[in-house]
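Descriptive structure summary
Here are the chains, one letter per residue:
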Amino acid sequence: MPAVDIAAGRIHYVERGDGPPVVLLHGLLMNHTVWDRVIDLLPSGFRYVLPDLPLGAHTTPMNPGADLSLRGQNQIIADFLAALDLREVTVVHSDWGGGLFLTAYGLDQRVARLIALPCEAFDNFPPGLPGKMVAIAVAIPGGVALALRQLRIRFLRDSPLMMGLMARKALPDDLVHGWTEPALRDKAIRRDLIKYAKSDFRGPELIANTEALRHFSGDALVLWSSAGKVMPRDHGRRLAELLPKGSLVEIDDAYVLSMLDRPDAVAEAMAAFLTSQRTGAV
């Protein structure tokens, strides 16, 4: 995988295609492979860039002093876009909602359009039962390694306390093994994960940072799931109403990880948005 060095450390990424850049982000304890079922269904004529953010499934630890708080992770995204000199970017958020705060932090100069799949927003940090279990795991010595091993056991992984509310369809073993291998192998990866998970998530500030999207002037698609509980259905509507040029499309029969539950529907909605922006259609 190619990599780029930024102030926080080395970020690996994959990319394909040529054209206007589309940067696809991922959630906690995941990496770019969460998009494997969608990427081949997206339209040609775009440069798709998929970084592995330091959210627990990255392969190279960040620098020991790196700021991996919620704000620090946003800075990493901005620095990554700058390091690759990506401009007029369509940023695609999923699960981990911190990237929505680029506008609040004044870091969205390179972002022209947004696509937001189900993600943390408003005061939904940490989200639902899975988020609360992460908070418990990082608070207990050895808890992260134990939780990672449990994720590798299918019947535990499919419980509502872990991934059962994240994906409607069971996640395959090879996908989850790839996500959990780096942090099980390297305690410095676990350190990075814990840094983020112990961010100071204060409700009023989180709400204000979400509502700063009122100042995002680009076109935006909120691509929410109608059946999910971890990311409330109403949050999709609220986000679409916040964004001056926002629209809402709901994906049925999907939870948070709609790109795994309904890759066809997610790709179709994303393709319609991307190609309409390219052609200037409304």
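First, a word on what this report is: a plain description of the structure on this page. Keep in mind it's a predicted model, so treat the numbers as computed, not measured.

**Description of the layout of surface pockets**
In this structure, the largest pocket encloses a volume near 660 Å³. Leu-29, Pro-130, Met-133, Val-134 and Leu-161 are, among the 34 residues lining the largest pocket, the residues nearest its centre. For the lining of the largest pocket, the secondary-structure elements that each account for two or more residues are helix H3 (128-139), helix H4 (143-151) and helix H7 (187-197). Counting residues per element, the lining of the largest pocket draws most heavily on H3, at eight residues.

**Considerations on the pattern of salt bridges**
By the definition in use, this model includes 16 salt bridges. A salt bridge links Arg-10 to Asp-5, with the nearest nitrogen and oxygen atoms 2.8 Å apart.

**Quick look at the nonpolar core**
Counting residues in hydrophobic clusters, the biggest one holds 98 residues, and the most contacted among them are Trp-35, Trp-179 and Leu-257. Element by element, the count of residues in this core is highest for helix H11 (residues 263-279), at seven residues.

**Some points on the packing of H4 against helix H6 (residues 173-185)**
Each pair of packed helices gets described by two things: the angle between the helix axes and the distance between those axes. In the contact formed by H4 and H6, the axes pass within 9 Å of each other and the chain directions differ by 160°. Judged on the interaxial angle alone, H6 and H4 are roughly antiparallel. Taken as a pair, H4 and H6 cross one another with a handedness that is left-handed. Along its contact with H4, which presents Ala-145, Leu-148, Arg-149 and Leu-151, the element H6 presents Val-176, Thr-180, Ala-183 and Leu-184. Residues belonging to the contact of H4 with H6 are distributed by class as follows: six nonpolar, one polar and one charged.

**Structural notes on unusual backbone geometry**
At the junction of Phe-125 and Pro-126, the peptide bond is cis and its omega measures out at -15° in the coordinates. Backbone geometry places Asp-85, a non-glycine residue, at a positive phi of 50°. Inspection of the secondary structure puts Asp-85 in the loop between helix H2 (70-83) and strand E5 (89-95). Residue classification places Asp-85 among the partly exposed residues on the basis of a relative accessible area of 44%.

**Digging into the sheet that holds strand E6 (residues 111-119)**
Strands pair in a sheet through their backbones, by hydrogen bonds, and they do so in one of two ways: parallel or antiparallel. Within the open sheet, the eight strands sit side by side as E1-E2-E4-E3-E5-E6-E7-E8. Their pairing is mixed. Pairing within the sheet leaves two strands with one partner each, and these edge strands are strand E1 (3-6) and strand E8 (245-251). The mean angle between the axes of side-by-side strands here comes to 20°, regardless of whether they run parallel or antiparallel. Inspection of the sheet shows E6 paired to strand E7 (residues 219-225) by three bridges, in the parallel sense. The residue bridging Ala-116 from the neighbouring strand is Val-222, located in E7. H2 contacts E1, strand E2 (9-16), strand E3 (21-24), strand E4 (47-51), E5 and E6 of the sheet and is inclined by roughly 120° relative to E1.

**Some points on empty space enclosed by the protein**
Scanning the model with the defined rule gives two cavities of 30 Å³ or more in all. Leu-29, Leu-151, Arg-157, Met-163, Leu-171, Val-176, Trp-179 and Thr-180 are the residues that line the largest cavity. Of the residues forming the lining of the largest cavity, the biggest block, three residues, is contributed by H6. Here the residues of the lining of the largest cavity are counted per class, giving six nonpolar, one polar and one charged. The computed volume of the second largest cavity comes to approximately 30 Å³. Lining the second largest cavity we find His-93, Gly-99, Leu-100, Leu-102, Thr-103, Asp-108, Leu-114 and Leu-213. Residue composition of the lining of the second largest cavity, grouped by class: four nonpolar, three polar and one charged.

Conventions and cut-offs
- Residues numbered from 1 in each chain as written.
- Predicted model: local features only at pLDDT ≥ 70, side-chain atom pairs only at ≥ 80, totals over all residues.
- Heavy atoms only, no water.
- 1 Å grid on protein atoms, 1.4 Å probe; cavity = no way out; pocket = protein on both sides within 12 Å on 5 of 7 lines; lining within 4 Å.
- Points joined across faces, edges and corners; volume = space filled by probe spheres on them.
- Helix = DSSP H or I, 4+ residues; strand = E, 2+ residues; numbered from the N terminus.
- Salt bridge = Lys/Arg side-chain N within 4 Å of Asp/Glu carboxyl O.
- Core = buried A, V, L, I, M, F, W, Y, C linked by side-chain atoms within 4.5 Å.
- Buried < 20%, exposed > 50% of the residue type's maximum accessible area, 1.4 Å probe, protein only.
- Axes fitted to C-alpha atoms, helices over the stretch in contact; angles between N-to-C directions.
- Parallel < 35°, antiparallel > 145°, perpendicular 65-115°, else oblique.
- Left-handed = near helix turned anticlockwise from the far one by under 90°.
- Contact = heavy atoms within 4.5 Å.
- Nonpolar A, V, L, I, M, F, W, Y, C, P; charged D, E, K, R; others polar.
- Pairing = 2+ DSSP bridges.

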